[in-house]
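Here's the letter readout for the chains.
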Amino acid sequence: MSTVWTPAEQPDSFVFDAASEEEIAGVLSKYPQERKASAVMPLLYIAQRQMGRVTGSAWVPVVAMDVIAQRLDMAAMRVYEVASFYTMFNTRPIGRYHLQVCTTTPCWLRGSDDVVEACQKATGIQHFGGTSADGLFTMTEVECLGACANAPILQVDDDYYEDMNAERTQAVIAELRAGRRPEPGPTVNRSVSAPLGGRKTLLPSSTVEQE
């Protein structure tokens, strides 16, 4: 099967490994037998993670979608529809690290253009959807990642790097290139999505402090 959303060159076979099978057993236990098709999204993600673990490129080939369709007793086309609709599923091979840059309004206002430019300079990628010449990085433009208070956001694989700017973006990419994955989360002096430097409101009163 070859369409605009998946490449002509595909693996000949796909088999879930032991680690994936253990995950699948846990997922399927959550659904009644007659509703197991509801597990299509978790199984697609498990397949994608296995491809990343085994091949270094986290994507879902068509043969894996066919295996999932058989496992869940559903039409293969239904699996293709889900895989091609959600951007969390990569239907083409990607680099070892997937740089996903949010460019919607909150991130854009906070400097996502600088993050995009830093990604391009650090990787040599010229446009969204491109992969670096060394095969390490693929850069994708994504919609809102739901972490607007800490904008701009750079998602690397499943990890969020928050409060990014050009310098911090280049530093994260340099660490990844060296084979080290930086600690995800805020890259400035804040705890999760609290204000910079700590709370500014609802501070303890002197009475509370004395107690």
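Presented here is a report on the structure given in the accompanying data block. (Residues numbered from 1 in each chain as written. Predicted model: local features only at pLDDT ≥ 70, side-chain atom pairs only at ≥ 80, totals over all residues. Heavy atoms only, no water.)

Moving on, we get to helix α6 (residues 112-123). When the terminal C-alpha atoms of α6 are compared, their 16 Å separation across 12 residues agrees well with the 16 Å that a helix rising 1.5 Å per residue should span. Restricting attention to buried positions, one finds in α6 the residues S112, V115, V116, A118, C119 and T123. The arc that holds every buried residue of α6, seen down its axis, measures 165 degrees, which confines them to one face. In the stretch just after α6, G124 is the one whose phi turns positive, near 85 degrees. (Helix = DSSP H or I, 4+ residues; strand = E, 2+ residues; numbered from the N terminus. Expected span 1.5 Å × (residues − 1). Buried < 20%, exposed > 50% of the residue type's maximum accessible area, 1.4 Å probe, protein only. Arc of directions from axis to C-beta.)

Next up on the list: the packing of helix α1 (residues 18-28) against helix α2 (residues 40-55). Contact geometry for α1 and α2: axes closest at 10 Å, N-to-C directions at 165 degrees. One element, α1, and the other, α2, form an angle in the roughly antiparallel class. For the crossing formed where α1 meets α2, the hand is right-handed. Between α1 and α2, the residues in contact are A19, S20, E23, I24 and V27 and P42, L43, I46, R49, Q50 and R53, respectively. (Axes fitted to C-alpha atoms, helices over the stretch in contact; angles between N-to-C directions. Parallel < 35°, antiparallel > 145°, perpendicular 65-115°, else oblique. Left-handed = near helix turned anticlockwise from the far one by under 90°. Contact = heavy atoms within 4.5 Å.)

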